[in-house]
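An overview of the molecular structure
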Amino acid sequence: MPGAPGGAWLRRVLTTQRRACLMARIPLSLSPRSLSPFRARWRGPPLPPGRATQSPSCPQAPPLTEAEAESQNPEGKQLVRVSWPGPPAGGRRIGPGAAVAGTHEAAGPLLGTMAAVNPRKLTEPRGKTLSIHVVTWNVASAAPPLDLSDLLQLNKENLSVDMYVIGLQEMNCGIMSLLSDTAFEDPWSSFFMDVLSPLTFVKGNKGGINICLKLYGYYVSIINCHLPPHMANNDQRLQHFDRILEMQNFEGQNIPNILDHDLILWFGDMNFRIEDFGLHFVRESIKNRCYSDLWEKDQLSIAKKHDPLLREFQEGPLLFPPTYKFDKNSNNYDTSEKKRKPAWTDRILWRLKRQPQANPHTPRLPAPHFCLTLRSYVSHMVYCISDHKPVTSTFDLELKPLVSAPLITLIPEGLWNMENDMLISYSLTPDFLSSPWDWIGLYKVGLRHINDYVSYVWVRDNQVSFNDGLSQVYFNVSNIPETEDQFLLCYYSNSLHSVVGISKPFKIQPGSSLAEDLLGEAQPHI
């Protein structure tokens, strides 16, 4: 008989974080990219004559000058559409806020949080729009600043973010830090959740530099990386790009190859530099906001012109100053003896799944049910704790759900009070396979993490009935504190390592008070 659910979770974190460190320490002696086994398996579409720099995933207009980009697109908005024939069978489903946060010396926490949204059981799924805010920041071992409102858009009047994806690099990480962060939570993750949990965001499980989500039936991969530094190591950076993709083999479940995922968000300190131009020219171009003069010598932009796979990763226009290298606690570029040349090292890329095409010369038609819109791509000069400035992107992801109901629907039965054992009913979708190690946790509304349960029950041990897909389990009141707080129930699947069902919030009435207080529309969605 195992202990509390958190015990198994903790062991999984220890294993996963060790793997994350190994993934970050990629050997530098790699084979040439043209001979990579991963590239041998990948078959990019042939490009039509005269379109050598076209992205296979989305036809692009001729490049704009910086002035044209600003006049035609002041918010840096870019629309990319892709059609979707249907998902592969199997795969991991992850509920609201279930994401990843790992700490290691090369790529730090990747923290994903999703707001509670209001689900409906739909006979015909209707389109949904999710707002995703991505943050990448090399924090150079610094402690969190006092205020993150600008970084997280909390200073906006009408905050409409459904999901935060936060990736940090160069956190202070030794073996003691790893063990401490596993047991207690690292200070950055704790600080982010201090800010976000009152807004009904929930942090998910820890992991490494990659997480795979299944979002409304679509596969989404999120990668946080820290590539080799220095101007001369561009080939190594590109080799690591291949190697990271090749290493994305997900445990268990029938999850497809990462290049078959519907969306890849890839960000981090990629360390690409500006070639050829001297320090004075680069700084003068930045001072005069002539960023377009620097784009053509940006190593990542150059590599995309010659690499079909890399070219499938899109990026917004670089209409902000290079984000590296600054004197700490200032907005001045490096004044040390080394006087490093400024560069856009901190980047956010995305890739939408390529669709089959009979004739490579025939343009793909956009499909209405999976569409990504880039609303903003900016740096944040207000933060000075590091020699890097953080970079954020905000996306709108429009999709037609491929699933219309959560895997588990939880219903607190009757009038919950402190005098009787409490009964819970739940139903399962036909394709969900339950396990004896699945459990249901009771949480106070405003939970920060899956381990914040007040009490829990194993679904098989406490089962009292099962009929026509509807099961009932009971909670013993002796395990539940008497309080006026609001509660909710979460069903945790041991095989999927994820929350797969969340109830509506409710109150447990003290003593003999039998007034139930269900909060109608405040139901999270899985």
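Before reading on, note that the structure itself is shown above.
The shown structure was predicted, so the numbers you read here are calculated from the model rather than taken from an experiment.

**Thoughts on the overall build of the chain**
Secondary structure summary: the chain contains 11 helices and 20 strands in total. Contacts in the chain between residues at least 24 apart in sequence constitute 75% of all its contacts with a sequence separation of at least 6. Carbon and sulfur atoms make up 53% of the accessible area of the chain, which amounts to about 22800 Å² in all.

**As for helix 7 (residues 234-246)**
With 13 residues, helix 7 should cover 18 Å at 1.5 Å per step; its first-to-last C-alpha distance of 19 Å lies within 8% of that length. Those residues of helix 7 not exposed but buried are Asn234, Arg237, Leu238, Gln239, His240, Phe241, Asp242, Ile244 and Leu245.

**Thoughts on the pattern of salt bridges**
Once their charged atoms are close, side chains differing in charge can pair, the charge on each being opposite to the other. Counting across every chain of the model gives nine salt bridges. Across the salt bridge formed by aspartate 298 and arginine 347, the nearest N and O atoms sit 3.0 Å from each other. Here the residue aspartate 298 occupies a position in the loop between helix 9 (292-295) and helix 10 (299-306), and arginine 347 occupies one in strand 9 (residues 346-352), the gap between them amounting to 49 residues. Residue aspartate 298 is classed as buried on the basis of its relative accessible area of 0%. Its relative accessible area of 0% is what places arginine 347 among the buried residues. We note a salt bridge from lysine 444 to aspartate 485, for which the minimum N-O separation is 3.2 Å. In this pair, lysine 444 sits in strand 14 (residues 439-444) while aspartate 485 sits in the loop between strand 17 (470-475) and strand 18 (486-493), placing the two residues 41 residues apart along the sequence. On the basis of relative accessibility, which here comes to 36%, the residue lysine 444 falls in the partly exposed class. It is possible to trace a salt-bridge network through shared partners that takes in Asp298, Glu315 and Arg347.

**Digging into the pairing of strand 17**
Pairing analysis gives six bridges linking strand 13 (residues 422-428) to strand 17, with the strands arranged antiparallel. Of the residues in strand 17, the one forming a bridge with serine 427 is leucine 470. In terms of strand pairing, strand 16 (residues 463-467) meets strand 17 through four bridges, oriented antiparallel. Directly across from serine 465, in strand 17, lies its bridge partner glutamine 472. If you look at the hairpin formed by strand 16 and strand 17, you'll find two residues sitting between the two strands, and aspartate 468 has a positive phi there, around 55°.

**Comments concerning the nonpolar core**
By size, the foremost hydrophobic cluster in this structure holds 38 residues, and its most contacted members are Ile222 and Leu263. Beyond its immediate sequence surroundings of up to four residues, leucine 263 is in contact with Tyr219, Val220, Ser221, Trp350, Arg351, Leu352, Phe370, Leu372 and Leu397. One finds Ile408, Met422, Ile440 and Val500 within the second-largest nonpolar core, a separate group that totals 22 residues.

**Some words on the sheet that holds strand 13**
Taken in spatial order, the four strands line up as 12-13-17-16 in an open sheet, and their pairing is antiparallel. Lying at the two open borders of the sheet, with one neighbouring strand each, are strand 12 (408-412) and strand 16. The average undirected angle you get between the axes of adjacent strands in this sheet is 20°.

**Details of the sheet that holds strand 6 (residues 210-215)**
Strand order in the open sheet formed by four strands is 6-7-8-9, and the pairing between neighbours is mixed. Edge positions in the sheet fall to strand 6 and strand 9, since each has one partner strand and no second. Direction aside, the axes of adjacent strands within the sheet are offset by 15° on average. Sheet topology places strand 6 next to strand 7 (residues 218-226); six bridges connect them, and they run antiparallel. Residue pairing across strands places cysteine 212 opposite serine 221, the latter belonging to strand 7.

Criteria and thresholds
- Residues numbered from 1 in each chain as written.
- Predicted model: local features only at pLDDT ≥ 70, side-chain atom pairs only at ≥ 80, totals over all residues.
- Heavy atoms only, no water.
- Helix = DSSP H or I, 4+ residues; strand = E, 2+ residues; numbered from the N terminus.
- Contact = heavy atoms within 4.5 Å.
- Areas by Shrake-Rupley, 256 points an atom, 1.4 Å probe, with all protein chains shown as cover.
- Expected span 1.5 Å × (residues − 1).
- Buried < 20%, exposed > 50% of the residue type's maximum accessible area, 1.4 Å probe, protein only.
- Salt bridge = Lys/Arg side-chain N within 4 Å of Asp/Glu carboxyl O.
- Pairing = 2+ DSSP bridges.
- Core = buried A, V, L, I, M, F, W, Y, C linked by side-chain atoms within 4.5 Å.
- Axes fitted to C-alpha atoms, helices over the stretch in contact; angles between N-to-C directions.

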